[in-house]
Amino acid sequence: MAESPEEKKCFIICPIGESGSPNRIRSDALLKYVFTPVLSDKGYVPVRADQIPKAGMITTQIINLVAESPLVIADLTDGNPNVFYELAIRHATGRPYVQVIEIGEKIPFDTSGVRTIPIDHRDLDSVEACKNEIGKQIDHFHSGHKADSPISVATNVRLLQSDSEYAERLFEKLEEIHGGLGWVSIDDLGDKLDDIERKLDDMESKIDDKI
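Everything numeric in this text was worked out from a predicted model, so none of it was measured.

Scoring rules and cut-offs
Along each chain, residues carry numbers from 1 onward, in the same order as the chain's sequence is written. Residues qualify for local features only when their pLDDT is at least 70, as the model is predicted, and side-chain atom pairs are given and counted only at 80 or more; totals for whole chains, interfaces and linings, by contrast, use all residues. Each side-chain value is derived from all of the structure's non-hydrogen atoms; neither hydrogens nor water enter the calculation. Segments assigned H or I by DSSP are reported as helices when at least four residues long, segments assigned E as strands when at least two residues long, and all are numbered from the N terminus. Accessible area is worked out with a 1.4 Å probe on protein chains only. A residue is then buried under 20% of its type maximum, exposed over 50%, and partly exposed in between. Whether two residues are in contact is decided by their heavy atoms: any pair within 4.5 Å suffices. Values of accessible area rely on a 1.4 Å probe in the Shrake-Rupley scheme; residue burial ignores everything except the protein chains shown. Only when DSSP finds a minimum of two bridges between them are two strands counted as paired. Throughout, an axis means a line fitted to C-alpha atoms (over the contacting stretch in the case of helices), and angles, computed between N-to-C directions, take values from 0 to 180 degrees. Handedness of a crossover is defined as follows: orient the strands so they point away from the viewer, and if the path from the first strand over the helix to the second runs clockwise, the crossover is right-handed. Here the arc refers to the set of directions running from the helix axis out to each C-beta atom. The working definition used for a salt bridge is a side-chain nitrogen of Lys or Arg within 4 Å of a carboxyl oxygen of Asp or Glu.

Chemist: Tell me about the overall build of the protein chain, and name the residues and values.
Modeler: What the protein chain contains, in helices and strands, is seven helices and five strands. Ordered by position in the sequence, the α and β elements of the protein chain form the string β-α-β-α-β-α-β-β-α-α-α-α. A total of 211 residues make up the protein chain; the buried ones form 36% of that total. Considering only intrachain contacts with a sequence separation of at least 6, the fraction spanning at least 24 residues in the protein chain is 64%. Here the protein chain displays about 12,700 Å² of accessible surface, and carbon together with sulfur accounts for 55% of that area.

Structure follows, in structure tokens:
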């Protein structure tokens, strides 16, 4: 049974700031003109921390939304400590998330290996490009792709280090995939790459089953 819009929340992790501050103005602009349009198109309802009802402990509600929402978007701009704390929680869940950052800012080392979408919120072309890329990543998750993170990579590496038999089977599978490429035309290359991605996803699923 399909989820209702209420069930398909996307929690927005971002630096919010005080009302009227540059951070709040920027975050409001991203929510209104970038995140909400693409999320609505994909069937999600955006939720930000300042929109949570005040009843109950706000920290608990935020952590629950970070951990349990079907999707999370994290804005890494300004290196806000709360943003990275909440993002680490999301990484640990292995559930889908999307990272964005203002153009010109440096992505911190621990998250530099994760695809992060750049945006200049004052440039309409950049806004459109960011919306398109967010939509593509959401479609990728809907197709069954699992979210990678520094935590998931470290966990998988630890599994391979501790299970030599499984590691040997994994490398044999990779060699089989490599050997199966052979000589292909440009027209066939896309199909071959799709096949490789499906096989790699199967291997990721087997690794997850063993954890």
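Chemist: Break down the sheet that holds strand β4 (residues 97-102) for me, citing the residues and quoting the values.
Modeler: Spatial ordering of the open sheet is given by β2-β1-β3-β4-β5, a layout of five strands whose pairing is parallel. Each edge of the sheet is formed by a strand with only one pairing partner; in this case those strands are β2 (45-48) and β5 (116-119). Adjacent strand axes in the sheet meet at a mean angle of 25° when their direction is disregarded. Here β4 pairs with β5 via four bridges, running parallel. Within β5, the position partnered with V100 by the bridge is I117. Taken strand by strand, helix α2 (residues 58-68) contacts β1 (9-13), β2 and β3 (71-75), and its axis lies near 115° from that of β1.

Chemist: Account for the pairing of β2, naming residues and giving values.
Modeler: Both β1 and β2 contribute to a ladder of four bridges, which runs parallel. For I12, the partnering residue across the bridge sits in β2 and is R48. Between the parallel pair β1 and β2, the chain is carried across by helix α1 (residues 22-41), and the sense of this crossover is right-handed.

Chemist: Could you give me a rundown of the environment of I117, with the residues and numbers involved?
Modeler: Mapping I117 onto the fold places it in strand β5. Of the residues examined, I117 reaches a relative accessible area of 4% and is grouped as buried. For the pair I117 and K131, spaced 14 residues apart in sequence, the C-alpha separation works out to 9.4 Å.

Chemist: Talk me through α2; I want residue IDs and the actual numbers.
Modeler: For α2, every residue scored as buried is listed here: I62, L65 and V66. Seen from one end, α2 has its buried residues packed into an arc of 100°, which puts them on one side. Its buried side turned inward, α2 meets β1, β2, β3 and α3 (81-93).

Chemist: Please provide a residue-by-residue account of the pattern of salt bridges, values included.
Modeler: Think of it this way: side chains of opposite charge can pair up when their charged atoms draw near. This model, assessed by the stated rule, comprises nine salt bridges. Close ionic contact of R48 with D50 constitutes a salt bridge, the shortest N to O distance being 2.8 Å. For R48, a relative accessible area of 3% puts it in the buried group. Overall, D50 belongs to the partly exposed group, its relative accessible area being 31%. Ionic pairing is found between R122 and D120, a salt bridge with its closest N-O pair at 3.3 Å. The structure contains a network of salt bridges with shared partners spanning R26, D75, E102, D120 and R122.

Don't take any of this as a statement about function, it's just geometry.
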